[in-house]
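These are the residues of each chain, in order.
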Amino acid sequence: MASKKITITVRIWRQAGPGAEGRFEEHRLEEINTDMSFLEMLDVLNEKLTLAGREPVAFDHDCREGICGMCGAVVDGIAHGPERETTLCQLHMRHFKDGDTICIEPFRGRAFPLVRDLVVDRSAFDRIIQAGGYVSVNAGSARDGNTIPVAQHLAEQAMDAAACIGCGACVAACPNGAAMLFVSGKISQFALLPQGRPERKRRALAMVRAMDNEGFGNCGNERECENVCPKGLSIRNIARLNREYLRAALVGTD
Ligand code: FES
């Protein structure tokens, strides 16, 4: 698709800090190239604000390649914007029309306190991983892939679950602010493979406990998380998480 220039208005959330009053601010941006990514459009806005002597909009980003999970905002009511399986940094301005007004808000969730503007504190995810999202077996040096037989369908399901980049869109989209899709991805990627089985019960209990302690809500089968996940994680992982948790709770850890 040939690039063109469009004029848009952004209605963007500004908030100086956690206790400060927030408000939407409107800015008209002209000559936005449709080949730009959404974050590059925000760069243009920030350059404009900086040249005018104003505070730029704070937003998270790192790789800008859809890998790291740092970026994220709610665009026109949808976490990461209107394109499916797309991070905010991979969303391009060609998906917007000349004259559009685009509403941009931070990921909101009880367990994701706002830091500034579009930046929220997602360290709750880190603490859930610290509670059990790893394997502690000594795996030694890399072994030949065929040494430990893993059925292909299980390997593929584990890889699909491991695609989670921990962006938090699932939490922002869930009416209950649940982190079940994130946690279920982390639980699944290990539970499906032999290397993750020794600790599967302890892991499920510890990660669910950490999730609850962080103030995330419960899954209500709304499926909003699945719709906005930039890596296409399925809620089938949530069903697996529930089974892993039940097994551990009923049978107990070793
Ligand atoms: S900035 Fe890394 S995924 Fe978007």
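Residues numbered from 1 in each chain as written. Predicted model: local features only at pLDDT ≥ 70, side-chain atom pairs only at ≥ 80, totals over all residues. Heavy atoms only, no water.

Caption draft 1: How the structure looks around the overall build of the protein. Broken down by element type, the protein carries eight helices and seven strands. Taken along the three principal axes of its C-alpha coordinates, the protein extends 60 × 40 × 35 Å. Within the protein, counting contacts between residues at least 6 apart in sequence, those at least 24 apart form 70% of the total. Carbon and sulfur atoms provide 48% of the accessible area of the protein, an area that totals close to 13,000 Å². Charge separation in the protein, taken as the distance between the mean sites of 31 positive and 33 negative side-chain charges, equals 6 Å. (Helix = DSSP H or I, 4+ residues; strand = E, 2+ residues; numbered from the N terminus. Contact = heavy atoms within 4.5 Å. Areas by Shrake-Rupley, 256 points an atom, 1.4 Å probe, with all protein chains shown as cover. Lys, Arg positive; Asp, Glu negative; His and termini not counted. Charge placed at Lys NZ, Arg CZ, Asp CG, Glu CD.)

Caption draft 2: Inspection of the packing of helix α2 (residues 123-132) against helix α5 (residues 180-191) at higher detail. Closest axis-to-axis distance for the α2/α5 pair is 11 Å, and the angle between their directions is 30 degrees. Relative to α5, the element α2 is oriented roughly parallel. Viewed along their axes, α2 and α5 form a crossing whose handedness is right-handed. In contact with Phe125, Ile128 and Ile129 of α2, α5 contributes Phe182, Val183 and Lys186. The residue makeup of the contact of α2 with α5, split by class, is five nonpolar, no polar and one charged. (Axes fitted to C-alpha atoms, helices over the stretch in contact; angles between N-to-C directions. Parallel < 35°, antiparallel > 145°, perpendicular 65-115°, else oblique. Left-handed = near helix turned anticlockwise from the far one by under 90°. Nonpolar A, V, L, I, M, F, W, Y, C, P; charged D, E, K, R; others polar.)

Caption draft 3: Spotlight on the sheet that holds strand β3 (residues 74-75). The mixed open sheet is built from five strands, whose spatial order is β2-β1-β5-β3-β4. Of all strands in the sheet, those with a lone pairing partner are β2 (23-33) and β4 (78-79), marking the two edges. Judged from the two bridges that link them, β3 and strand β5 (residues 101-105) form a sheet pairing that is antiparallel. Across the sheet, valine 75 pairs through a bridge with isoleucine 104, a residue of β5. (Pairing = 2+ DSSP bridges.)

Caption draft 4: Layout of the pairing of β5. β5 sits mainly inside the fold: four of its five residues count as buried. For strand β1 (residues 5-14) and β5, the ladder comprises four bridges, and the chain directions are parallel. Within β5, the residue paired with arginine 11 across the bridge is cysteine 103. (Buried < 20%, exposed > 50% of the residue type's maximum accessible area, 1.4 Å probe, protein only.)

Caption draft 5: The arrangement of unusual backbone geometry in detail. The phi dihedral of aspartate 76 falls on the positive side, at around 50 degrees, and the residue is not glycine. Relative to the helices and strands, aspartate 76 resides in the loop between β3 and β4. If you check the backbone angles, histidine 80 has positive phi at about 70 degrees while not being a glycine. Along the polypeptide, histidine 80 turns up in the loop between β4 and β5.

Caption draft 6: How the structure looks around the environment of alanine 151. Examined against the element boundaries, alanine 151 turns out to sit in the loop between α2 and α3 (152-162). Taking the C-alpha atoms as reference points, alanine 151 and methionine 36, separated by 115 residues in sequence, lie 42 Å from one another.

Caption draft 7: Local environment of the side chain of threonine 34. Relative to the assigned elements, threonine 34 resides in the loop between β2 and α1 (38-51). For threonine 34, the contacting residues outside a window of four places in its chain are Ala2, Ser3, Lys4, Ile6, His92, Met93 and Arg94.

Caption draft 8: Representation of the packing of aromatic side chains within the structure. What the rule picks out here adds up to six aromatic pairs. A centroid spacing of 5.8 Å and a plane angle of 45 degrees characterise the contact between phenylalanine 38 and phenylalanine 96, whose relative ring orientation is tilted. Pair noted here: phenylalanine 38 is in helix α1 and phenylalanine 96 is in the loop between β4 and β5, with a separation of 58 residues, a long-range link. Look at phenylalanine 38 and you get buried, because its relative accessible area is 0%. An angle of 0 degrees between the planes, with centres 3.6 Å apart, marks the rings of phenylalanine 125 and phenylalanine 182 as stacked. One end of the pair, phenylalanine 125, is in helix α2; the other, phenylalanine 182, is in helix α5, with 57 residues separating them in the sequence. Take phenylalanine 125: its relative accessible area is 3%, and that puts it in the buried class. Among the aromatic residues, ring-to-ring pairing joins Phe112, Phe125, Phe182 and Phe216 into one connected group. A cation over an aromatic ring shows up here: arginine 11 above the ring of phenylalanine 24, its NZ or CZ 4.5 Å from the ring centre. When the ring centre of tryptophan 13 is taken as reference, the NZ or CZ atom of arginine 108 above it lies at 4.5 Å. (Phe/Tyr/Trp six-rings, centres within 6.5 Å; stacked < 30°, edge-to-face > 60°. Lys NZ or Arg CZ within 6 Å of the ring centre and 35° of its normal.)

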